[in-house]
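Per-entry structural report
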2 protein chains.
Amino acid sequence: MRIHRAGLHQDTASYGMELEPSYTMLEFDSLRPLPEEAELVVPGPAPSLPPSSGSSLCSICADKATGKHYGAASCDGCKGFFRRSVRKNHAYTCRFNRQCVVDKDKRNQCRYCRLRKCFRAGMRKEAVQNERDRISCRRDGQGLGTLSISMLLQAEASTHQLLSSVGGIHCDTGMKKVAHVGDVCESMKQQLLLLVEWAKRIPEFCELPVDDRVSLLRAHSAEHLILGVARRSLPYNDIILLGNDFIIPVNGPEMEVSKVAARILEELVRPLRELDVTDMEFACLKAIIFFAPDCPGLENPQAVRQVRFQAQVLLDEATYEQRGRFGELLLMLPPLQSVAWQMVEQLQLVRLLGEASVDTLLQEMLLGEGVARAGAAAGPGASAGGGAATGQGAQLKGPEQGSNTEVFSFMSSGDPAMACGPLGAQEVLPNQFISVILPVPNSLPDLPLVPTQTGTEVYRPRQDPGMAQEMPSSMPIPPMHRCL
Amino acid sequence: MRIHRAGLHQDTASYGMELEPSYTMLEFDSLRPLPEEAELVVPGPAPSLPPSSGSSLCSICADKATGKHYGAASCDGCKGFFRRSVRKNHAYTCRFNRQCVVDKDKRNQCRYCRLRKCFRAGMRKEAVQNERDRISCRRDGQGLGTLSISMLLQAEASTHQLLSSVGGIHCDTGMKKVAHVGDVCESMKQQLLLLVEWAKRIPEFCELPVDDRVSLLRAHSAEHLILGVARRSLPYNDIILLGNDFIIPVNGPEMEVSKVAARILEELVRPLRELDVTDMEFACLKAIIFFAPDCPGLENPQAVRQVRFQAQVLLDEATYEQRGRFGELLLMLPPLQSVAWQMVEQLQLVRLLGEASVDTLLQEMLLGEGVARAGAAAGPGASAGGGAATGQGAQLKGPEQGSNTEVFSFMSSGDPAMACGPLGAQEVLPNQFISVILPVPNSLPDLPLVPTQTGTEVYRPRQDPGMAQEMPSSMPIPPMHRCL
DNA sequence: CGGACTCGGTCAAAGGTCTT
DNA sequence: GAAGACCTTTGACCGAGTCC
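Fair warning: this is a prediction, and the values are worked out from it, not measured in the lab.

Rules used in this analysis
- Residues numbered from 1 in each chain as written.
- Chains lettered and ligands numbered in written order.
- Predicted model: local features only at pLDDT ≥ 70, side-chain atom pairs only at ≥ 80, totals over all residues.
- Heavy atoms only, no water.
- Helix = DSSP H or I, 4+ residues; strand = E, 2+ residues; numbered from the N terminus.
- Buried < 20%, exposed > 50% of the residue type's maximum accessible area, 1.4 Å probe, protein only.
- Contact = heavy atoms within 4.5 Å.
- Areas by Shrake-Rupley, 256 points an atom, 1.4 Å probe, with all protein chains shown as cover.
- Phe/Tyr/Trp six-rings, centres within 6.5 Å; stacked < 30°, edge-to-face > 60°.
- pLDDT = per-residue confidence, 0-100.
- Disulfide = S-S within 2.5 Å.
- Axes fitted to C-alpha atoms, helices over the stretch in contact; angles between N-to-C directions.
- Parallel < 35°, antiparallel > 145°, perpendicular 65-115°, else oblique.
- Nonpolar A, V, L, I, M, F, W, Y, C, P; charged D, E, K, R; others polar.
- Salt bridge = Lys/Arg side-chain N within 4 Å of Asp/Glu carboxyl O.
- Expected span 1.5 Å × (residues − 1).
- Polar contact = N/O pair within 3.5 Å; in protein donor to acceptor, adjacent residues only side chain to side chain.
- Left-handed = near helix turned anticlockwise from the far one by under 90°.

Next up on the list: the overall build of chain A. When helices and strands are tallied, chain A shows 16 helices and six strands. When the 484 residues of chain A are sorted by exposure, 58% land in the buried category. The long-range share in chain A, meaning contacts at least 24 apart out of those at least 6 apart in sequence, stands at 73%. Element-wise, carbon and sulfur atoms account for 54% of the exposed surface of chain A, whose accessible area totals about 20500 Å².

Next up on the list: the packing of aromatic side chains. All names here are of chain B. Scanning the model with the defined rule gives 16 aromatic pairs over all chains in all. Both rings, one in Phe-82 and one in Phe-119, keep their centres 5.3 Å apart while their planes meet at 75°; by these two values the pair is edge-to-face. In this pair, Phe-82 is assigned in helix α3 (residues 76-87) and Phe-119 in helix α4 (residues 111-120), connecting sequence segments 37 residues apart. Taking the relative accessible area as the measure of exposure, Phe-119 reaches 1% and is therefore buried. With centroids separated by 5.1 Å and ring planes inclined at 75°, the aromatic side chains of Phe-290 and Phe-291 adopt a geometry described as edge-to-face. Since its relative accessible area comes to 0%, Phe-290 is described here as buried.

Residues and elements named next belong to chain A. Of the residues in chain A, 60% have a pLDDT of 70 or more, and the chain-wide mean is 72. Element-level mean pLDDT values for chain A span from 24 in strand β6 (residues 434-437) up to 98 in helix α12 (residues 325-330). Predicted confidence is poor over residues 1-23, with pLDDT under 50, and the contacts of this stretch with residues over four places away or in other chains come to 31 contacts.

Tallying each qualifying case throughout the model produces zero disulfides over all chains. The cysteine Cys295(A) is free of any disulfide, with Cys206(A) supplying the nearest cysteine sulfur at 16 Å.

It is worth spelling out the environment of Ser150(A) at this point. Residue and element names in this part refer to chain A. For Ser-150, the position within the fold is in helix α4 (residues 149-167). On the basis of relative accessibility, which here comes to 47%, the residue Ser-150 falls in the partly exposed class. Each C-alpha atom, one on Ser-150 and one on Ile-248, is 33 Å from the other, the two residues being 98 residues apart in sequence.

The subject of this paragraph is the packing of helix α5 (residues 181-200) of chain A against helix α8 (residues 221-232) of chain A. Residue and element names in this part refer to chain A. Between α5 and α8, whose axes approach to 10 Å, the crossing angle comes to 105°. Comparing their axes, α8 and α5 come out roughly perpendicular. Between α5, through Met-188, Gln-191, Leu-192 and Leu-195, and α8, the contact on the second element is made entirely by Ser-221, His-224, Leu-225 and Arg-232. For the contact of α5 with α8, the class distribution of residues is four nonpolar, three polar and one charged.

Before going further, it helps to examine the pattern of salt bridges. Opposite charge on two side chains permits pairing when their charged atoms draw close. The final tally for this structure, using the stated rule, is 34 salt bridges over all chains. Residue Asp103(A) pairs with Lys106(A) through a salt bridge whose shortest N-O separation is 3.2 Å. For Asp133(A), the salt bridge identified is with Arg95(B), shortest N-O distance 3.3 Å. Taken together, the positions of Asp133(A) in the loop between α3 (111-120) and α4 and Arg95(B) in the loop between α3 and α4 put the pair across two chains. The exposure class of Asp133(A) is buried, given its relative accessible area of 10%. Exposure remark for Arg95(B): the relative accessible area of 31% places this residue in the partly exposed category. Connected through salt bridges with shared partners, the residues Glu156(A), Arg231(A), Asp279(A) and Lys286(A) form a single ionic network.

Next up on the list: helix α7 (residues 210-219) of chain A. Across the 10 residues of α7(A), nine count as buried, placing the element largely inside the fold. Within the sequence span of α7(A), burial applies to Asp211(A), Asp212(A), Arg213(A), Val214(A), Ser215(A), Leu216(A), Leu217(A), Arg218(A) and Ala219(A).

Our next topic: helix α2 (residues 76-87) of chain A. All names here are of chain A. Given a rise of 1.5 Å per residue, 12 residues ought to cover 16 Å, and the 16 Å separating the end C-alpha atoms of α2 matches this to within 8%. Considered for burial, the residues of α2 that qualify are Cys-78, Gly-80, Phe-81, Phe-82, Ser-85 and Val-86. Considering only its buried residues, α2 is in contact with α3. Looking one or two residues beyond α2, the residue adopting positive phi is Asn-89, at roughly 55°.

Further remarks concern unusual backbone geometry. All names here are of chain A. Phi angles above zero are rare outside glycine, and Ala-62 is one such case at about 70°. Among the secondary structure elements, Ala-62 is positioned in the loop between α1 (36-39) and β1 (68-69). One non-glycine residue, Asp-238, adopts positive backbone phi at about 65°. On the basis of relative accessibility, which here comes to 46%, the residue Asp-238 falls in the partly exposed class.

What follows is about the environment of Thr66(B). Residue and element names in this part refer to chain B. Here Thr-66 is to be found in the loop between α2 (50-54) and β1 (68-69). Residues Thr-66 and Ser-56, 10 residues apart in the sequence, show an inter-C-alpha distance of 7.9 Å. Beyond its immediate chain neighbours, meaning those up to four positions away, Thr-66 contacts Ser-74, Cys-75 and Asp-76. For Thr-66, the side chain forms a polar contact with the side chain of His-69, separated by 2.8 Å.

Right, let's get into the environment of Phe309(B). Among the structural elements, Phe309(B) can be located in helix α12 (residues 301-319). Through-space distance from the C-alpha of Phe309(B) to that of Cys185(B) is 33 Å; in sequence the pair is 124 residues apart.

This next bit is on the packing of helix α13 (residues 333-353) of chain A against helix α14 (residues 333-353) of chain B. Where α13(A) meets α14(B), the axes come as close as 8 Å, and the angle between the chain directions of the two elements is 45°. One way to sum up the angle between α13(A) and α14(B) is to call them oblique. Considering only the axes of α13(A) and α14(B), their crossing is right-handed. Packed against α13(A), whose contacting residues are Leu333(A), Pro334(A), Gln337(A), Ser338(A) and Trp341(A), the element α14(B) presents Leu333(B), Pro334(B), Gln337(B), Ser338(B) and Trp341(B) at the interface.

Put into structure tokens, the structure is as follows:
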């Protein structure tokens, strides 16, 4: 570099360096470079070619110089010696009279005199920089935790294999059938089973207590369905592609379903498409959603929080090349949660209307019903937390001190007959309370699923996770437990 | 290299500038002014320092910048480093915790963190060209907009002034009164007015069309209330401190209210306290929540999205020195949304039970009712979007093609008398549909607000933003419009 | 036309690597 | 651990298009 103006700091006086007995390197600070002629070991004649290449000789040991280093023409040896000495703050001592000859042959015989000659030749310790990063290409994986992107991608790939063999590669929308309610439920069931399989491929998940595993699987399963369907629908416009190759058009016949589809397209598919989300990012998002420490009734929320932390750091590092990308991805989660809730409401409605048979797995995972084994150990863990009756099944919060006696209550101001209709056809679990309000069919109730054009709203409470404690152990095992 | 200039600062004892052992430690100099601010703060009076006037600081290492390079103001060193890294497709690895400090002195100590910071500062791979062909697309825009942390902090401070004079500094919980329903509503009203004032101090907000301003104010007002109360309650345990100095104890008499309080404490206050959230971070979070592009009926969602983008990048930059902090902060938003919805349900319930008079402002902003002027221009903009009947008022989505005729429908299987009771006492807006389900009072309905111990769930639809178009213009101006 | 900007490239002199 | 031959990275400086 050319900023060697620092060499201009002149202190006239002392080249007569006094030989202080102090043996720290501090003493060299006062040394000033001597005129080169005076210092050259081979001063005068310089037989062959000193004048042409003045920089060819090391001004410390007269070896061949490799350039100027730290302010003085020097060889690699003296360069390295000076750097090591300064970096490590070495304190040398001369065993003789500090008048040792320093040349190519004898330069290693006295470090004290060699270093002193470095300073005299003009080397400055300020020119030695801080230690830098290593150059070697050691590949060190993720230093944090055990969660890795490759593992997440593998888990994802393994659950997609089944899918790809079914769906094939035919992006032709026109070839696909429009899904009816039963198709949607069937697809959801498939996807939920895949979600369980996905989770089981994550070691961090398998190490959790079984009740926590169940809680996590139930907590945000709806969001996983929505995220999955949004991802699958990325290549298309105005349609949602289900896992079983059915589609839901935005302007389909079943209006309430199409409304959810429209929100998926507008609030999720479109921004995800604009971001051009990668598989890696999807995998991380999925894990971030899955390992939700706020999930009610968790025995060990801190463990879950740590896994989520690893996942979000993984996503951060996977996206750091684009400013703001990480934030934009995480900011997809609130609308995802919102859309997922709306979908659950639709499902609740469908079940109550008897439009389709809602599988017990869907009931347990999406509707938060079914036999409650999860949360059995919620006792002290959920102490201050949980609380909150949590309407709308937000995050599957269950009131842990709520009533155990729950009954179905259903009513429609428009058609009271509907109230009791579907209830008989489904299993009503003991101690289960589900109340639902149906929208008023006011204009065109021609479509079976759509009693009204306005919003269809369903209230969906959750089971009490604490009530399992009082349940007889002989009760049937819920479907999710059988999966695990 | 500029280490030569280091010679000017006379070193003390340690010439062997060893690595500071702390250089990988967290350093929270979060008050470091942003480069843009630094420029703006010293606008005019710098005639004496021409060299420092036009030049800013490198946004990566704070060395003197030589201009904008690849999208970020940077020094020649970071410029060259970025170019080499991109050209050679280097993949660096941090030997530490990926939180290395990157400044003028230490920028060469971790290439991973340096490159990461280059991206964070706004450098883009695409700006690195391989050959000598100039791509004419210069003037890439400002990169980041005009939103600044100082402005956000000012807006925050100005709305807190009123507050601090009221609340004073008495952390003695015992001295405060337990809030009743009316106190809670009163506090909410105060805070909502402060929210409006806060928004009006943000230039980006003021530049939006009036309908969009109203939409934004309504969209996430409940979350702002919850975030504010959580922040205010940070120093306390087991109580929630309202803005008007009342408190809500977790084990208070009004159980449903206390349940919300418990969720606030557990899901929001506790993690926020563990993070030790700063004012700056709160300010950014508030803006991120506020500028929600998914807000229904927005005339110009892209403008809102850009502001939110700026806000989240600001938060990212304010937190980048602590690994994972940005993600943890953003991951507070889903539970915040969830708790906010539950609070709105409680409010809905309170109003229906006639427990307290719910101000029209609360109705408009929190319950999404009242005169609908917002969304009047929703016509083409909300085309594909919105859709979705959106139960539970998720993000205030309103069905834009839904029915305009909405009626109250209410039912309780336990106490039918309650169904019609409160409805008479409240104003039923025209074309309004509100259906609410009340929990079954099964065990101890002794508390007025708490009909049941189980979850209290309220269904809360929103008004149709599109219906305003058909409304006569002579209708009364809603309270929020008067504020603006 | 000319100065401000921001690309690309250069290469002395830093750094690190690795065998002896 | 030190020495030093050998290779990589850094960044100050410069030229060249482009746009005011």
